[in-house]
Amino acid sequence: MTKVFKISIVLLFIGLCCIFIANKSITTSAKKKLYTSINTIPKNKVGLLLGTSKYVATGQLNLYYQYRIQAAAALYHASKIEFILVSGDNSTKSYNEPKKIKEDLIKKGIPANKIVLDYAGFRTLDSIVRAQKVFGEREFTIISQKFHNERALYLANYFNNNAIAFNAKSVSPKYGIKVQIREYFARVKVFIDLLFNIKPKFLGDKITIG
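Residues numbered from 1 in each chain as written. Predicted model: local features only at pLDDT ≥ 70, side-chain atom pairs only at ≥ 80, totals over all residues. Heavy atoms only, no water.

(A) Representation of the pairing of strand β6 (residues 162–167) within the structure. Within β6, five of the six residues are buried, leaving the element largely enclosed by the surrounding structure. One ladder, built from two bridges, connects strand β1 (residues 34–35) with β6; its direction is parallel. Opposite Y35, over in β6, you have F166 as the bridge partner. In the sheet, strand β5 (residues 139–144) pairs with β6 via six bridges, with the strands oriented parallel. The residue of β6 that forms the bridge with I142 is A165. (Buried < 20%, exposed > 50% of the residue type's maximum accessible area, 1.4 Å probe, protein only. Helix = DSSP H or I, 4+ residues; strand = E, 2+ residues; numbered from the N terminus. Pairing = 2+ DSSP bridges.)

(B) Molecular detail of the pairing of strand β3 (residues 81–87). Among the seven residues in β3, six count as buried, and that is most of the element. Here strand β2 (residues 44–50) runs beside β3; their pairing, made up of six bridges, is parallel. Looking at the pairing, L48 lines up with L85 of β3.

(C) Here's a closer look at helix α6 (residues 177–195). For α6, built from 19 residues, the straight-helix expectation of 27 Å at 1.5 Å per residue is met to within 8% by its first-to-last C-alpha distance of 28 Å. Elements that come into contact with the buried residues of α6 comprise α1 (3–30), α2 (63–77), α4 (124–133) and α5 (146–158). (Expected span 1.5 Å × (residues − 1). Contact = heavy atoms within 4.5 Å.)

(D) View of the nonpolar core. The biggest cluster of nonpolar side chains holds 27 residues, and the ones touching the most others in it are L49, I84, V86, I101, L105, I110 and I143. Among the secondary structure elements, those contributing two or more residues to this core are α2, β3, α3 (97–107), β4 (115–118) and β6. Sort the elements by how many residues they give to this core and α2 lands first, with nine residues. Each residue touching I110, except ones within four places of it in the same chain, is listed here: A73, Y76, H77, I84, L105 and I115. One finds V46, L50, V129 and A131 within the second-largest nonpolar core, a separate group that totals 26 residues. (Core = buried A, V, L, I, M, F, W, Y, C linked by side-chain atoms within 4.5 Å.)

(E) Highlighting the pattern of salt bridges. One pass over the full model with this rule turns up 10 salt bridges. Within this structure, R123, D126, K189 and D193 form a network of salt bridges that share partners. (Salt bridge = Lys/Arg side-chain N within 4 Å of Asp/Glu carboxyl O.)

Just distances and angles here, no functional claims.
Okay, structure coming up:
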């Protein structure tokens, strides 16, 4: 067994341990703050809808996107939230997640004046911090799939927010395998970002909701 091979095995073991610890910590911390039932979830003024692209690389509708829209609309129509803060990526003129999401929320019967757009939600960390620092909200309902909600809740708790989350419908394991694999690494990155005190790309002037 060569020295390089031994080092590779050790590094692989360390990497797997990091993934396991990060995943366990984030999953455990979110357990009591996740909801799947409209009837039992507490009411909050603001629902923080975490954005994603409307279409996948093949041009088909992104089911993660579709189910998040449905979840946000269901919460609003059940009077579990009063406003929807849409946080997504608008890094270029040709790519505008919040605008597309707003258009589809309006099609679901959400009044335009009840939808607030955050164009600088480039990452989950940015979305959570900006909800507090820019939009002045410390109590809100995060809306995404369960795996994403768990990570967002961990960040919200770290930054002293009193957040809960509503789980949008998930997708089949076969459909979402790439996303699920990427999530394990995203959870490790959470701890790296917090360790090095990574800040959102943009903050800006304060915006009041409602």
